[in-house]
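# Observations on the model geometry
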Amino acid sequence: MEHDEGIVHVLDEQVASQIAAGEVVERPASVVKELIENALDAGAKRITIDIAGGGRELVRVSDDGCGMSPRDAEMCLRRHATSKIRTIKDLDNISTFGFRGEALASIASVSRLELRTRRPQDEFGFVVRAVGGEGVEAAQCAMAPGTQVEARDLFFNTPARLKFLKSAIAEHAAITDCVERLALCRPDVSFRLNNNQRERLDFPRASSLLERIRQVFGDKFANELVSFKFAAERLLVRGFASRPTLSFASSRMMFVFVNGRPVRDKLLSRAVVQAYAGLLPRDRFPAVALFVDLPAHEVDVNVHPMKLEVRFRYPGAIFEASYRALRDALAGQEAATDGDDLDVTHLGPLVCSAETEVRGSASDKAEGTSSGAQLLSAPPSQPGLRLVVDRSPGQVSAPQRASVSSSYAFSPALLNMPNRTEAIDQPSVPTSFSFAELRLLGQLLASYIVLEGHDGLLLVDQHAAHERITYEKLRAEFKSGGIKIQPRLVPYPLEVSGELALEVTSAVSAFRTLGFDLEAFGGRTVVLRGSPALFGPEEGVRLFRDLLDSVGSDGFAVDNLAACEAKLKLLACHGSIRAGKTLSQEEMAALLRELDQTPFNTNCPHGRPVFVRFGLNQIERLFRR
Ligand code: ADP
Ligand code: MG
C-alpha cells in the first residue's frame, strides 16, 4: 500500500479519547472513583452511588456540591477540560483529587453518559447527554443543587475492553473497596452505595477517623486498633494500626493516603510491613490506615494516569517517619483499648490540611531550602492546629538517618558498625499494662502462667514470654557492639566435621559478635573459650552446638539483617525456658517483671502471641449465664 502523500495522520478526537480512556477507565470501579473524586472536589458533603450489573450497566454518582454553569456542563466532557489547574506550575500545588481534565471525557467516550448539574444560585439545572463521547443533547432540567453523573453501558462501543471485565460480583467488590477507601479519607462526608437498588453501604458523616473506621469495618475491628502519630514542622504521619493480635492473609487491609489521596505506595507499604516485623507470623499482614500529609510541592501526584501512585521528593524521610511512628505505637502496645482517637474535624478535611501546610511553609519554598531532614524537624508551636509532638525532635532529625532508609532497605554494612546499628535499634516504650501487677494464680500444665486479668483470665505462654525477653536482651547487647561474653574457667574443646570446621574457622569474628569466643586450630577441633553471659556455661555449649547444627547455605555470616535476626532468634528460642518446666512462684513473678520491661512483649520473636485472655463475657457465655 503506497500513498504518495504519506501515511501519518492525526487521530480524530473520539478515537484519541477512547485510547486515552484506557488509561483512566479500566473497569467500573475506576468510573466510581473518578466520579466520587469529582464530587469531593466540588465540596460535596453527601455522596450517593448507585450501581447496577456490577457497575457495567450503570454507575450513577450524585452529590450536593457546588454544581456547574450550563457552559461548564458542556465543556467538562471535553478532553483536558478542567477547572482545577491552569498552568503547569499549578501542578506543584495540587490540593484537589482531579487536575488532568480527563476523567469525564474518558468516561463519556466509552459509555452513554448523562450529566445533570445545578449551582445553588441558579434557578434551573442543566442536563447534557453524550453517547460514546458524542454530545447528543443539552437542555434545562429541574433538580436540587449539586451534580449527578450517570454512566450506562460501560464499554458498549469497545468490545475488546468488555471482554476483560470480571463478573458483576467481582466488579461490585472492587467498587465497594473503592468507596470504602475514599470514605476513609473523608470521614466528614457521608457516603451511600446502592447496588441494584439495595442499600449496601451507608456511612453517615462522622466526627473522627475512628468513627468512620467503625462504620466501615465494625466495632470489633476498631477496638483492635491503636493510634499513631508523628508530627514535624511540615510532615504529619498519623493513623490507626492493628494490634499484633489481629492479622490478615493479605495486605488488603493496609490503606495508605498521601495528602488525602488513596494511593498504593510500595515505600509506605514496606514501612508498614517492616514496623510489624517479628510481631506477626510469617505471611500475615496488619490492618493499617496510614495518612501522610506534607506540603504539596514535596510530592508529585502526576506520575500515574489514575493517580494511584505518587513520588516523594524525600522518600527516606517519609519512610523513616512512618516506620518510627508505627513502631513506637506498637512497642507500647498491649491488648487493652485506650480509646484514643484522632480528631479529624480539628485538622479539617485532609486535602485542606495539605494546603495549610503549604501556606505555612511558603517562605521556605521560596528559598528552596527544604530537605528530607527538615521535613522531619519539629514543628513550631501551632496552637491553631493542635498537632501533637510525640517525641523529642533530636531523635529523628539527623539527616543521615533519612538517607539511610532512603535506600528502602537496611544496609548490611550498618550491622558491622556497633554504634550505628539502626536496623535493629528499636524504641523501648514501657507497656501501660503490667503483668507483674496482676494476681498470680499459678502455673498450668507446667507451661502457662495463669493470671487474673482486669477483665477475666490471662494465660501467659512461659516459653514465648521468656523468648521475647531473651531476644530483646540479646538484641540490645548485639547492637551495642556484640553480645557480652562470659569467659569459661575451663576452655571446652569440640570436634566438628571437616567441612564445618572450615566454615567455623572463617567465621570466628562473626561468632564473637554472637557471644561465642572461639579458638580454631585449623583442624577439626574448635575450642570454646567463652559463651554469651546471658546463659550459663553449660547452656553456652549447647547453644553453640545448636548454632553449628543450624548452619545454612550462607554459613555463619552475620552481615545482613535477616541472618542476624535468625541467629538471635535461634539463641533466644533455644536459650529460653521451655514448656514443661515447672516454675516456682518467685520464678514466675521474676519472669513477669522482666516481661513488663521488655518491648514488643505481646508476641514472641516468631510472631506467636505471648498471652491470651479470656474476658468475663467469654467466660460467662461458656457458662451460659
Ligand atoms: P478533573 O477532575 O481532572 O478536573 P474531570 O474530567 O474529572 O477533570 O472534570 C472536569 C471538570 O468538570 C472539573 O474540573 C470540574 O470543574 C467539573 N466537574 C466535574 N464533576 C463535577 C461535579 N461533581 N461537581 C462540580 N463540578 C464538576
Ligand atoms: Mg476529576
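Residues numbered from 1 in each chain as written. Chains lettered and ligands numbered in written order. Predicted model: local features only at pLDDT ≥ 70, side-chain atom pairs only at ≥ 80, totals over all residues. Heavy atoms only, no water.

### What to know about the pairing of strand 13 (residues 288-293)
Short version of the rule: Think of it in three bands: residues with accessible area under 20% of the maximum for their type are buried, residues over 50% are exposed, and the middle band is partly exposed, with areas taken using a 1.4 Å probe on protein chains only. Every helix listed is a DSSP run of H or I at least four residues long, and every strand listed is a run of E at least two residues long, numbered separately from the N terminus. The criterion for strand pairing is that DSSP finds at least two bridges linking the strands in question.
Counting buried positions over the six residues of strand 13 gives six, a clear majority of the element. On strand 13, burial covers both faces: Val288, Leu290 and Val292 on one face and Ala289, Phe291 and Asp293 on the other are all buried. Relative to strand 13, strand 10 (residues 236-242) runs antiparallel, the two being bridged by six bridges. Looking across to strand 13, one finds that Val237 is bridged to Val292.

### A look at the packing of helix 9 (residues 266-275) against helix 10 (residues 315-331)
For the record, the criterion: Here an angle of 0 to 180 degrees is reported between the N-to-C directions of two axes, which are lines fitted to C-alpha atoms, with helices fitted over the stretch in contact. Note on terminology: angles under 35 degrees are roughly parallel, angles over 145 are roughly antiparallel, angles of 65 to 115 are roughly perpendicular, and the others are oblique. With the far helix as reference, a near helix turned anticlockwise by less than a right angle produces a left-handed crossing, and one turned clockwise produces a right-handed crossing. Contact between two residues is taken to exist if any of their heavy atoms lie within 4.5 Å; hydrogens are not considered.
Between helix 9 and helix 10, the shortest axis-to-axis distance is 9 Å and the interhelical angle comes to 30°. The pairing of helix 9 with helix 10 is recorded here as roughly parallel in orientation. For the pair helix 9 and helix 10, the crossing hand works out as right-handed. Contacts from Leu267, Leu268, Arg270, Ala271, Val272, Gln274 and Ala275 of helix 9 reach helix 10 at Pro315, Ile318, Phe319, Ser322, Tyr323, Leu326, Arg327 and Leu330.

### Topic: the site of ligand 1
Which entries qualify depends on this criterion: The nearness test applies per residue and asks whether one of its heavy atoms lies within 4 Å of the molecule or strand. Here a polar contact is recorded for every N or O atom pair within 3.5 Å, except that within protein the pair must consist of a potential hydrogen donor and a potential acceptor, and residues adjacent in sequence are included only if both atoms are side-chain atoms. Accessible areas in this description were obtained via Shrake-Rupley with a 1.4 Å probe; residue shielding takes into account the shown protein chains only.
The full set close to ligand 1 counts 19 residues, and Asn38, Thr82, Ser83, Lys84 and Gly101 are the nearest of them. Here an oxygen atom of ligand 1 and a side-chain polar atom of Thr82 are 2.5 Å apart. At 3.2 Å from a nitrogen atom of ligand 1 is found a side-chain nitrogen or oxygen belonging to Thr147. In isolation ligand 1 offers 530 Å² of accessible surface; the protein chains occlude 93% of this area.

### Looking at the confidence of the model for the chain
So the rule is basically this: Each residue carries a pLDDT score, the predictor's confidence in it, ranging from 0 to 100.
Residues of the chain with pLDDT of at least 70 account for 82%, and the chain-wide mean is 80. A low-confidence stretch, residues 379-431 (pLDDT under 50), is modelled with 99 contacts involving residues beyond four sequence positions or located in other chains.

### Observations regarding the sheet that holds strand 19 (residues 485-495)
Read from one edge to the other, the open sheet built from three strands follows the order 19-21-20, with strand pairing classed as antiparallel. The open sheet has two edge strands, strand 19 and strand 20 (517-520), and neither has a second partner. The average angle at which neighbouring strand axes cross in this sheet is 20°, direction not considered. Pairing geometry for strand 20 and strand 21 (residues 525-532), over four bridges, is antiparallel. Directly across from Glu519, in strand 21, lies its bridge partner Val527.

### Quick look at the packing of aromatic side chains
Basically, it comes down to this: Working definition: a ring pair exists when centres of Phe, Tyr or Trp rings (six-membered ring for Trp) sit within 6.5 Å. Plane angles under 30 degrees give stacked, over 60 give edge-to-face, the rest tilted. Any Lys NZ or Arg CZ that is within 6 Å of a ring centre and within 35 degrees of that ring's normal is treated as a charge sitting over the ring.
Summed over the entire model, instances satisfying the criterion amount to eight aromatic pairs. When the ring of Phe217 is compared with that of Phe221, the centres are 5.0 Å apart and the planes differ by 45°; the resulting orientation is tilted. Each member of the aromatic cluster is reached from another via a ring pair, and the members are Phe217, Phe221, Phe248 and Phe255. The positively charged end of Arg112 is found above the aromatic ring belonging to Phe156, 4.2 Å away from the centroid. The side chain of Arg238 reaches across the aromatic face of Phe291, ending 5.5 Å from its centre.

### Comments concerning the pattern of salt bridges
Counted only if it meets this: When a carboxyl oxygen of Asp or Glu is within 4 Å of a side-chain nitrogen of Lys or Arg, the pair counts as a salt bridge.
Scanning the entire structure with this criterion turns up 31 salt bridges. Of the charged contacts in the structure, one is a salt bridge between Glu114 and Arg129, with a shortest N-O distance of 2.8 Å. With Glu114 in strand 3 (residues 112-118) and Arg129 in strand 4 (residues 125-131), this residue pair connects regions lying 15 residues apart in the sequence. Overall, Glu114 belongs to the buried group, its relative accessible area being 13%. Overall, the relative accessible area of 24% leaves Arg129 in the partly exposed class. Arg468 serves as the salt-bridge partner of Glu472, at 2.8 Å between the closest nitrogen and oxygen. Within this pair, Glu472 and its partner Arg468 are both found in helix 17 (residues 462-479), separated by four residues, close to a single helical turn. A residue is classified by how much of its surface remains accessible, and Arg468, at 3% relative accessible area, is buried. One salt-bridge network, held together by shared partners, links Asp50, Arg60, Glu150 and Arg152.

### Describing the side chain of Ser242
By secondary structure assignment, the location of Ser242 is in strand 10. Residue classification places Ser242 among the buried residues on the basis of a relative accessible area of 0%. Apart from residues no more than four positions distant in its own chain, Ser242 is found in contact with Glu224, Leu225, Tyr276, Pro286, Ala287 and Leu330.

### Considerations on the side chain of Ser62
Here Ser62 lies in strand 2 (residues 58-63). For Ser62, a relative accessible area of 18% gives the class buried. Within the local environment of Ser62, its side chain forms a polar contact with the side chain of Gln148, the two groups lying 3.5 Å apart. In this structure, Ser62 is in contact with Arg46, Ile47, Thr48, Thr147 and Gln148, ignoring residues within four places of it in sequence.

### Things to note about the nonpolar core
Our working definition: We define a nonpolar core as any set of buried Ala, Val, Leu, Ile, Met, Phe, Trp, Tyr and Cys residues linked to one another through side-chain atoms lying within 4.5 Å. An automatic or database domain assignment supplies the residue ranges for each domain.
Core analysis: the biggest nonpolar cluster contains 64 residues, and Val32, Ile36, Ile47, Ile49, Leu115, Val179 and Phe191 have the highest contact counts within it. Among the elements that take part in this core, helix 6 (residues 168-185) stands out by supplying eight residues, more than any other. Counting contributing residues, this core receives three or more from each of domain 1 (13-205) and domain 2 (212-421). The contacts of Ile47, once residues within four sequence positions are left out, are Ile36, Ala39, Leu40, Val61, Ser62, Asp63, Val189, Ser190, Phe191 and Arg192. If you look at the next biggest cluster of nonpolar residues, it comprises 40 residues, including Leu91, Leu279, Leu294 and Leu326.

### Details of the environment of Val237
By the element assignment, Val237 lies in strand 10. Separated by 86 residues in the primary sequence, Val237 and Tyr323 place their C-alpha atoms 9.7 Å from one another. Residue contacts for Val237: discarding those within four places in its chain leaves Phe228, Lys229, Phe230, Leu290, Phe291, Val292, Ala321, Ser322 and Ala325.

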